[in-house]
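Chains, contacts and geometry: an overview
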Amino acid sequence: MHQAKQTHPSTSILTTAKQLGSSAVRGLAASQPIPLLLDRRKLILAISDTGDRITPFNMKPQDIITGKSSLWIFGYGSLVWKPDFKYKRSKVGYIQGYKRRFWHGDNYHRGNDETPGRVVTLIEEEDACTWGVAFEVAGSQLEESLKYLNVRETVCGGYLTQFVEFVPRGEAQSPIQALVYIATADNPIYLGPASTEKIAAQIAVCKGKTGHNIEYLLRLADFMRRSCPGVDDPHLFSIEAACLAIIRPILLAAQQPVFA
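Quick look at the structure, then.

Regarding its fold elements, the protein chain presents 9 helices and 5 strands. Listed by position from the N terminus, the elements making up the protein chain come as α-α-α-α-α-β-β-β-α-β-β-α-α-α. Burial statistics for the protein chain: of 260 residues in total, 52% are counted as buried. Here the protein chain displays about 12500 Å² of accessible surface, and carbon together with sulfur accounts for 51% of that area.

Structural data, given as structure tokens:
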């Protein structure tokens, strides 16, 4: 199993975190014991997405389901652990020609207008592939799931829709057409590329209506290790390592007794 190289806290990373503000991390530490927060999985609980491609566009739910009795929806971000809609079955697998990047801003779920969080979107790259989960919805689930996702991903998240070819893991069958939500650079809250350190520092301190930005990061990394063993995701794992390097010293400092 390929693992991202672990990074150590550096002055530049910690300085960046302090510049963005570390009060959110200290607030989290105030009510949680150190052993709990220094364990990756327990930290998640404590802080508790080939073929001809087209430009993403905002299809209305009724247009997507026209003439369909069932539909597959591919998730590569929070949908992999928190779909929050009823579905018939799910499959782990991948789509080709796209890489997952923490380049989209989030001023609702994992951040706010003043300090937007960072969440993933898909960027086209010929030799890349992105792993995630595809959910099949059928019958009444079709309309219900798309209405829900339209609010969650499009209205609140700024994502657009398109169809891609999903390849289930370990199955000798043709790819499945699946709907996917993608945020593009045209979106007003799209943040674009940044260094690993800057992305990690931003994620470490942001929080939105759904929860802490770091929970989003850690749950996604945990999904990859649990459900896609052997699959390397350097972008994701390097940001995870840098983010943990930032918050561990802050959490430890927050637990130290204060002497007059």
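Back to the write-up after that little detour.
The subject of this paragraph is the packing of helix α8 (residues 213–227) against helix α9 (residues 234–255). Direction vectors running N to C along α8 and α9 enclose 130°, while the axes themselves pass 10 Å from each other. As the angle between them shows, α8 and α9 are arranged oblique. The crossing of α8 and α9 is left-handed. Here I214, L217, L218, L220, A221, M224 and R225 of α8 come into contact with α9, specifically with L236, F237, I239, E240, C243, L244 and I247.

Another aspect to go through is the sheet that holds strand β3 (residues 117–138). Spatially, the 5 strands close up into a barrel ordered β1-β3-β2-β4-β5, and their pairing is mixed. Adjacent strand axes in the sheet meet at a mean angle of 45°, parallel and antiparallel pairs treated alike. With 3 bridges joining them, strand β2 (residues 89–106) and strand β4 (residues 160–168) adopt antiparallel strand pairing. Bridged to G93 within β4 is P168. Docked against the sheet, helix α7 (residues 196–205) engages β2 and β3, running at close to 40° with respect to β3.

The next subject is unusual backbone geometry. Even without glycine at this site, D84 takes up a positive phi of about 60°. Turning to its location among the elements, D84 is positioned in the loop between β1 (70–75) and β2. For D84, a relative accessible area of 45% corresponds to the partly exposed category.

Looking at the secondary structure, you find A242 in helix α9. Residue classification places A242 among the buried residues on the basis of a relative accessible area of 2%.

The next point concerns the pairing of β3. Counting buried residues in β3 gives 16 out of 22 residues, a clear majority hidden from the surface. Bridge analysis of β1 against β3 gives 6 bridges, and the strand direction is antiparallel. Bridge pairing in β3 links W72 to E136.

For the rest of this paragraph, the subject is the environment of S140. Here S140 is to be found in helix α6 (residues 140–155). When its relative accessible area of 52% is taken as the criterion, S140 is described as exposed. For the pair S140 and S69, spaced 71 residues apart in sequence, the C-alpha to C-alpha distance is 9.3 Å.

Taken as a whole and assessed by the stated rule, the structure comprises 8 aromatic pairs. Plain terms: the ring middles of F74 and F166 are 5.6 Å apart, the flat faces sit at 45° to each other, and that makes the pair tilted. With a gap of 92 residues between them, F74 in strand β1 and F166 in strand β4 connect regions that are remote in the sequence. Considering the side-chain rings of Y94 and W131, the 5.0 Å spacing of their centres and the 45° angle between planes classify their relative orientation as tilted. Pair noted here: Y94 is in strand β2 and W131 is in strand β3, with a separation of 37 residues, a long-range link. Given the relative accessible area of 14%, W131 is considered buried.

Procedures and definitions
- Residues numbered from 1 in each chain as written.
- Predicted model: local features only at pLDDT ≥ 70, side-chain atom pairs only at ≥ 80, totals over all residues.
- Heavy atoms only, no water.
- Helix = DSSP H or I, 4+ residues; strand = E, 2+ residues; numbered from the N terminus.
- Buried < 20%, exposed > 50% of the residue type's maximum accessible area, 1.4 Å probe, protein only.
- Areas by Shrake-Rupley, 256 points an atom, 1.4 Å probe, with all protein chains shown as cover.
- Axes fitted to C-alpha atoms, helices over the stretch in contact; angles between N-to-C directions.
- Parallel < 35°, antiparallel > 145°, perpendicular 65-115°, else oblique.
- Left-handed = near helix turned anticlockwise from the far one by under 90°.
- Contact = heavy atoms within 4.5 Å.
- Pairing = 2+ DSSP bridges.
- Phe/Tyr/Trp six-rings, centres within 6.5 Å; stacked < 30°, edge-to-face > 60°.

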